[in-house]
Amino acid sequence: MSVILYFLYLYLIIYTGYVLILAIRNLKDGPFSIERKYSIHDDVKNTFGVVIYSHNNKVGLEKLISQLKMQDYPLGKFKVYAVLDNCNDGSEYLFENDKYIHVLNIQDIGTLGKSQALSMLLEEIKKDETIDAYVFIDSVRRIESNFLTLANAAIEANDAVTGEINIDRGNLDIVDKIKAVYKKYISNFFKQARTLCGLATTVDSGLFIIRKYIMDELEDFDFKDINSELEFSLLLTRIDHKCVYNPNIQSYIYGQDCAFKNPKLTKKLTLFKDNFTNLKTTNFSFIEQVFSLLNPNFWLVFAGYVLLISYSYNYTFAVRCKTVILSAVILLIVFGLSLVNSKLTAKEILMLMCHPIYSICHIIRNFPPVRYVFKKLGANTDKDVDKLSIDVGV
């Protein structure tokens, strides 16, 4: 028992040190501010292929196209492609006489999904050597007039970039508001700090910028869900084309259009197992990203320290109880430090504190026996529970 708890303590100490480094580094985000300030003066103007994926979102698609036409970026330096995946809302009629938009209208074969639909388009435009980078964006997103200018500055220094998503929380219930605030905290602290430390982040296929030659090299990609995005992110890092987070790349979305899913624990463990044999490398970003799959959540840290404090108080342990308590206090201080540059209001911080409560309720609600009881009573399980999905190719 003592040996197991020793390794648990070592695990928590390493995680505490890791988060401390991120918190200190995140205090100085000057590089992003400088990049934003001087982006308009960049001499190099990359040619973008802006690829919009849409499924029955005519209003959003029209709005996004309008915003692209209002960009302060040279019109000759980007091309817009709209992928209409089995739309039956009249989306295809928006651009009948618009030579500015290149449309791939997928009909009569069902809804393919984002990955397969985008693959069809990329196969067609792969030979276009004038394109330097792709911008993948969903039709539910909104952007500002300087979006492509900032994207140009971001991709000039990186191979792949994802950005911050601003969620309109006006029509959300309290649970979804808590999840939206947590998502904001993860972006403004963890993702930003990791990038400042030279580490990789997870791809967000809803808004994703990548060098064209990298996509051309990849035989296949999967943007089906957040689990697939995590796997794709690890692949990019392994081949030395890591994806980074840039807060200057801003997009906006209505709360009802936003997915609040997190990668499944089983998927993380599977990816860790599958990539463990690839760790014999000097690619530090890849090594760190693989081990970051084992990062604990709040309840694991809380339960771990409660168990360690209780055991070290009552029995002989490798370190004194006071040392264990000090480690826990340091982690609490680090959490407070992480809030300094997370751009959260006092109300948002209060909602963030409620996320562990939502988390434990979500776990209990979707625990198989509990889920079975709710099903028998005729109640629906949490809408975030993972369902089995089957891909059929004909």
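Residues numbered from 1 in each chain as written. Predicted model: local features only at pLDDT ≥ 70, side-chain atom pairs only at ≥ 80, totals over all residues. Heavy atoms only, no water.

(A) Summary view of the packing of helix α6 (residues 174-196) against helix α13 (residues 346-353). Running from amino to carboxyl end, α6 crosses α13 at an angle of 105 degrees, the nearest separation of the two axes being 9 Å. It follows from the interaxial angle that α6 and α13 lie roughly perpendicular. Contacts between α6 and α13 pair I174, K177, I178, V181, Y182, K184 and Y185 from the former with E348, M351 and L352 from the latter. Here the contact of α6 with α13 is composed, by residue class, of seven nonpolar, no polar and three charged. (Axes fitted to C-alpha atoms, helices over the stretch in contact; angles between N-to-C directions. Helix = DSSP H or I, 4+ residues; strand = E, 2+ residues; numbered from the N terminus. Parallel < 35°, antiparallel > 145°, perpendicular 65-115°, else oblique. Contact = heavy atoms within 4.5 Å. Nonpolar A, V, L, I, M, F, W, Y, C, P; charged D, E, K, R; others polar.)

(B) Molecular detail of the nonpolar core. Ranked by internal contacts, the top residues of the largest apolar core, which has 30 residues, are F48, V50, I52 and I249. The set of elements that each furnish at least two residues to this core consists of β1 (48-54), α3 (58-69), β2 (78-85), β4 (133-138), α5 (147-156), β6 (207-211) and β7 (243-254). In terms of residue count, α5 provides more of this core than any other element does, six residues in total. Sequence-distant contacts of V50, that is, excluding residues within four places in its chain, are made with L68, F78, K79, V80, Y81, V135, I137 and L148. L5, V181, V334 and L352 belong to the second-largest nonpolar core, a separate cluster that totals 28 residues. (Core = buried A, V, L, I, M, F, W, Y, C linked by side-chain atoms within 4.5 Å. Buried < 20%, exposed > 50% of the residue type's maximum accessible area, 1.4 Å probe, protein only.)

(C) View of the pairing of β4. A large share of β4 lies buried, amounting to six of its six residues. Inspection of the sheet shows β1 paired to β4 by six bridges, in the parallel sense. Across the sheet, residue G49 finds its bridge partner in β4, namely Y134. Across five bridges, β4 lies against β6 in antiparallel orientation. (Pairing = 2+ DSSP bridges.)

(D) Fine view of empty space enclosed by the protein. The tally for this structure, following the rule as stated, stands at two cavities of 30 Å³ or more. Empty space within the largest cavity amounts to approximately 40 Å³. Looking at the largest cavity, the residues that line it are E144, N146, F147, L150, N248 and Q250. If you list the elements that add at least two residues to the lining of the largest cavity, you get α5 and β7. Tallied by class, the residues present in the lining of the largest cavity amount to two nonpolar, three polar and one charged. Of the voids in this model, the second largest cavity is the one considered here, and its volume is about 30 Å³. If you go around the second largest cavity, the residues you meet are V51, Y53, K114, L118, F136, I137, D138 and S205. The leading source of residues in the lining of the second largest cavity is β4, at three residues. (1 Å grid on protein atoms, 1.4 Å probe; cavity = no way out; pocket = protein on both sides within 12 Å on 5 of 7 lines; lining within 4 Å. Points joined across faces, edges and corners; volume = space filled by probe spheres on them.)

(E) Local environment of the pairing of strand β5 (residues 160-168). Buried residues dominate β5, accounting for seven of its nine residues. In the sheet, β5 pairs with β6 via three bridges, with the strands oriented antiparallel. Within β6, the residue paired with V161 across the bridge is I209.

(F) The state of the cysteines, seen in detail. Per the stated rule, a full pass over the model turns up zero disulfides. Among the cysteines around C243, which has no disulfide bond, C197 carries the closest sulfur, lying 16 Å off. The buried category is assigned to C243, whose relative accessible area is 0%. (Disulfide = S-S within 2.5 Å.)

(G) Region of interest: unusual backbone geometry. Positive phi values are uncommon outside glycine, yet N56 reaches one of about 55 degrees. Inspection of the secondary structure assignment puts N56 in the loop between β1 and α3. Despite not being glycine, D240 shows a phi value in the positive range, around 70 degrees.

(H) Molecular detail of the environment of Y254. Position of Y254 among the secondary structure elements: in strand β7. Separated by 112 residues in the primary sequence, Y254 and R142 place their C-alpha atoms 9.2 Å from one another. With residues near it in sequence (within four places) discarded, Y254 still touches R142 and D168.

(I) Local environment of the side chain of N341. Structurally, the position occupied by N341 is in the loop between α12 (321-338) and α13. When its relative accessible area of 17% is taken as the criterion, N341 is described as buried. For N341, the side chain forms a polar contact with the side chain of D29, separated by 3.3 Å. Beyond its immediate chain neighbours, meaning those up to four positions away, N341 contacts N26, L27, D29, N188 and Q192. (Polar contact = N/O pair within 3.5 Å; in protein donor to acceptor, adjacent residues only side chain to side chain.)

(J) Inspection of the packing of helix α1 (residues 2-25) against helix α11 (residues 298-314) at higher detail. Following both chains from N to C, one finds α1 and α11 inclined at 130 degrees, their axes separated by 10 Å at the closest point. The orientation of α1 with respect to α11, classified from their angle, is oblique. As α1 runs across α11, the sense of the crossing is left-handed. Touching S2, L5, L8, Y9, Y11, L12, Y15 and T16 of α1 are L300, V301, G304, Y305, L307, L308 and Y311, all from α11. Of the residues belonging to the contact of α1 with α11, the class tally is 12 nonpolar, three polar and no charged. (Left-handed = near helix turned anticlockwise from the far one by under 90°.)

(K) Geometry of the packing of aromatic side chains. For the structure shown, the criterion picks out 23 aromatic pairs. When the ring of F78 is compared with that of Y100, the centres are 6.1 Å apart and the planes differ by 90 degrees; the resulting orientation is edge-to-face. You can see F78 sitting in strand β2 and its partner Y100 sitting in the loop between β2 and β3 (101-106), a full 22 residues away along the chain. Exposure remark for F78: the relative accessible area of 4% places this residue in the buried category. (Phe/Tyr/Trp six-rings, centres within 6.5 Å; stacked < 30°, edge-to-face > 60°.)

(L) Representation of the sheet that holds β2 within the structure. Taken together, seven strands build an open sheet; the order of strands is β3-β2-β1-β4-β6-β5-β7 and the sheet is mixed. Each end of this open sheet is capped by a strand with a single partner; those strands are β3 and β7. Strand-to-strand twist in this sheet, taken as the mean axis angle between neighbours without regard to direction, amounts to 20 degrees. Against the sheet, α6 contacts β5 and β7, and its axis sits at roughly 160 degrees relative to β7.

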